[in-house]
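Chains, contacts and geometry: an overview
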Amino acid sequence: MRRKNNSSSILFLIIFGGIIAGAIYLYNSVMFERNAPVVTITKNLYWNLKEAIDITIEDDSGIKWYEVKMISSEGEKILAQEPLLVAKTKLELKIEYPKMSYGIKDKEVKIVVNAVDVSKWDFFAGNTVSLEKSFIIDKKKPLVSLISNSYGIYKGGTALVIFKAKDENLDDLYIEVNKKQRFKVQPFYKEGYYASLVAWPVRDKKFDARIIVKDKAGNTMRVHIPYYHKAKSYRKSRINLSNRFLKGKIAELAYDYPETQGIEDSIEQFKIINEEVRASNEKVIHEMTSKVSDEMISNFSIKPFYPLKNAAKVASFGDHRLYYYKKKKVSESYHLGLDLASVKMGAIRTQNYGMTVFAEENGIYGNLPIIHHGMGLYTIYGHCSSLRVNTGESVKPNQQVGNTGKSGYAMGDHLHFGVLVQGIEVRPEEWMDKDWIRLNITEVMKNAKKLIGRS
Ligand SMILES: [Zn+2]
């Protein structure tokens, strides 16, 4: 009796253990996985009804059924629904707003996504998910009106624009030049108004400037700025490299720069300095000169720059230089500043208030102070023998910022004076000309204020 009892309990344990093991197996198998599908809706809170809403549904075991519904004052509307004969682990849906519902006056609609996976879990029903998200409907394009702008712009030059922009859900606004260059705008005078200096990059043959205003729903307004385009031709010059120059200045620079270490050939050294080193030095300049404040401005008074007294111009802005050695073209570059020379170690002064954003050695530009005068207008002073300002220091009109010299890639003692608007080099001559400043900046701003004041 006792023995029989023993063997039946062993049998019972084996069966019981088998059931437990089977249950554990099923519990952990893919067939019975318990993770519900994951739904992601990649869109912010606003919907202009034109852009599709991107919805992703993912599941480890596979999705067997899904639906997307819209709930509005018209009731429930199925926007997408599908039983899948072959289960998929990832679905990417583009949900369009139903054309039939375009007339509804709702300010908000709700999107509901339901999905079920192929898991046998929950008595073969599968894991289900239901996700809902509300969208604020915004079909209105931002309102943009041009207030005032400089009459014209020269190739390589600067212009001003002042405009008004309004939208309940304003998201982003900027000026786009030639579909690639963005200029930030700064709040101007009264709420809802903006101003920006824009530049025609000297290497671009054509010019097209637009005010772009976007709202959070993706509605975009583009307004063309009707500047009169003024052609300007720049010099193209052929420079023959001499052995004296290559064995002198170039060898001296090549000794210093990490880019030219281990390079023995003079022409190769020159090419690296004129192209690679130049590009990385100009990258520093562009980065240091691209910032614009978000603070509201009501005035921007600039006096003509006159950085070096009694100076002679020794090279112009925009010169396209082609370098030849033994009748073969070896390199080229653009000269994006004005070269001025007077006495050795001449005093360099700025005529306007500003903030020193950089005052360090910068490769071929030598010792270089960079000063921000507001509205994204920067001046740079290259090849200094000594610096008279420090980074972070503010400057006053007529303050000395450095002494001329030949640090960096410079043959004789001179000043490389550059003007940049939001990281783009522009013609310094304009900012040295009293009449140009009055017509293109001061009066445009004055007119804008008059118009804004009346509204
Ligand atoms: Zn120069």
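Whatever comes next refers back to the structure up there.
The structure presented is a predicted model; accordingly, all values stated were derived computationally and were not measured.

Bridge count for strand E10 (residues 170-177) against strand E14 (residues 209-215) is seven bridges, and the pairing is antiparallel. Bridged to Ile175 within E14 is Ile211. The pairing of E10 with strand E11 (residues 181-184) spans four bridges and is antiparallel. Within the sheet, the bridge partner assigned to Glu176 lies in E11 and is Arg182. Following E10, the chain reverses through three residues before pairing antiparallel with E11; Asn178 in that reversal takes a positive phi of roughly 50 degrees.

Geometrically, a metal with four donors at the corners of a regular tetrahedron has ideal angles of 109.5 degrees, and one with six donors at the corners of a regular octahedron has ideal angles of 90 or 180 degrees. Here the zinc ion is held by His335 (NE2), Asp339 (OD), Asp339 (OD) and His416 (ND1), and the distances to it run 2.0 to 2.7 Å. Of note is the zinc ion, whose four donor atoms meet at the metal with angles of 53 to 156 degrees in an arrangement that counts as irregular. In primary sequence terms, the donor set of the zinc ion follows H-x3-D-x76-H. Residue Asp339 is found in strand E21 (residues 338-341), and its partner His416 is found in strand E29 (residues 415-421); the two are separated by 77 residues along the sequence.

Attention shifts here to helix H2 (residues 243-256). Look at H2: 19 Å from first C-alpha to last across 14 residues, which is about the 20 Å you get at 1.5 Å a residue. Helix geometry: H2 is bent most strongly at Ile250, by close to 35 degrees. If you check which residues of H2 are buried, you get Phe245, Leu246, Lys249, Ile250, Leu253 and Ala254. Among the structural elements, helix H3 (266-288) and strand E19 (319-325) are those in contact with the buried residues of H2.

What follows deals with the packing of H2 against H3. Helices that pack against each other are described as a pair by the angle of their axes relative to one another and the distance between those axes. Between H2 and H3, whose axes approach to 10 Å, the crossing angle comes to 55 degrees. Considered as vectors, H2 and H3 are oriented oblique to each other. By crossing handedness, the relation of H2 to H3 is classed as left-handed. Residues Phe245, Leu246, Lys247, Ile250, Ala251, Leu253 and Ala254 of H2 form the contact with H3, whose own contacting residues are Ser266, Ile267, Gln269, Phe270 and Ile273. Residue composition of the contact of H2 with H3, grouped by class: nine nonpolar, two polar and one charged.

Moving on to the environment of Asp413. Positionally, Asp413 belongs in the loop between strand E28 (399-403) and E29. Here the alpha-carbon distance between Asp413 and Val343, two residues 70 residues apart in the chain, equals 8.0 Å. In this structure Asp413 touches Ala341, Val343, Lys344, Met345, Thr404, Gly405 and Lys406, once residues within four positions along its chain are discounted. Within the structure, the side chain of Asp413 is placed 3.0 Å from the backbone nitrogen of Met345, a separation counted as a polar contact.

Reading the values: the criteria
- Residues numbered from 1 in each chain as written.
- Predicted model: local features only at pLDDT ≥ 70, side-chain atom pairs only at ≥ 80, totals over all residues.
- Heavy atoms only, no water.
- Pairing = 2+ DSSP bridges.
- Helix = DSSP H or I, 4+ residues; strand = E, 2+ residues; numbered from the N terminus.
- Donors = N, O, S within 2.8 Å, 3.2 Å for Na, K, Ca; no water.
- Tetrahedral: all angles 85-135°; square planar, octahedral: opposite > 155°, others 65-115°.
- Expected span 1.5 Å × (residues − 1).
- Bend = angle between axes of the 7 residues up to and from the residue.
- Buried < 20%, exposed > 50% of the residue type's maximum accessible area, 1.4 Å probe, protein only.
- Contact = heavy atoms within 4.5 Å.
- Axes fitted to C-alpha atoms, helices over the stretch in contact; angles between N-to-C directions.
- Parallel < 35°, antiparallel > 145°, perpendicular 65-115°, else oblique.
- Left-handed = near helix turned anticlockwise from the far one by under 90°.
- Nonpolar A, V, L, I, M, F, W, Y, C, P; charged D, E, K, R; others polar.
- Polar contact = N/O pair within 3.5 Å; in protein donor to acceptor, adjacent residues only side chain to side chain.

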